[in-house]
Amino acid sequence: SCHPATMRWSFITCMLFVVVTRAKSLAPMAPPVQHLGRSSCLITMRARSASANIRRTRIRSAVQTAAEDDFSSFVGPLFCLNVCLKVKPERREDFIKCIRANQRGTLQTETLALEYVFGEDESTPNTFHFFEKYLSKEGFEAHTKTPHFAAWEEFAASDPFTAPPIVSFYELDA
């Protein structure tokens with residue numbers, strides 16, 4: 001299931017994993033691969049594996065930074081958002097191209113981004129659900145200042161939706 005409650009990932013558990021496996025090297029990171037069909041969760045096992053590698057790298061980077069900063073700056077809650085977008089059928093391909101570029105840019109260049117997944121609703125064509133997770137609200141704010149997010153904003157301003165986006169922001173305790 002792609003419900004955010006099932007996607008919760010304990011930051012403390014991740015940190016323990018990182019400490020235990022610190023000496024091990026990660027496999028090369030591949031961008032997440034997504035299969036856009038009509039299933040409730042459209043991320044293939046390969047994409048999950050690639051996303052997990054990216055998350056581990058982000059956590060390792062955060063742990064190294066936290067170790068240098070006495071860990072106090074990363075104890076707070078994780079910043080998350082859920083988004084539901086209803087895309088016009090004639091804009092579907094442009095939407096997918098743009099959102100994949102945003103996802104790739106987020107996961108490959110933003111050190112405070114932990115997770116960015118999306119999939120298409122299985123019962124409503126052209127309705128997409130997103131889940132994003134950042135180490136902090138500042139991580140999300142940094143995301144909104146990136147070139148790939150600017151490209152997304154340009155696309156979103158071109159009237160590609162059949163309904164206004166539904167966005168929910170919330171924090172998860174670390």
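Everything below is about the structure shown above.
Residues numbered from 1 in each chain as written. Predicted model: local features only at pLDDT ≥ 70, side-chain atom pairs only at ≥ 80, totals over all residues. Heavy atoms only, no water.

(A) Structural view of helix α4 (residues 92–109). With 18 residues, α4 should reach 26 Å at 1.5 Å per residue; the first-to-last C-alpha distance of 25 Å fits that figure. Looking only at α4, the buried set comprises R92, F95, I96, C98, I99, N102, Q103, G105, T106 and L107. (Helix = DSSP H or I, 4+ residues; strand = E, 2+ residues; numbered from the N terminus. Expected span 1.5 Å × (residues − 1). Buried < 20%, exposed > 50% of the residue type's maximum accessible area, 1.4 Å probe, protein only.)

(B) The pattern of salt bridges, seen in detail. With the rule as written, the count across this model stands at five salt bridges. Where R92 meets E93, a salt bridge forms, and the shortest distance between an N and an O atom there is 3.9 Å. R92 gets classed as buried once you look at its relative accessible area, which sits at 15%. We classify E93 as exposed; its relative accessible area is 56%. Of the charged contacts in the structure, one is a salt bridge between E120 and R92, with a shortest N-O distance of 2.7 Å. Separated by 28 residues along the polypeptide, E120 in strand β2 (residues 113–120) and R92 in helix α4 bring together distant segments of the chain. (Salt bridge = Lys/Arg side-chain N within 4 Å of Asp/Glu carboxyl O.)

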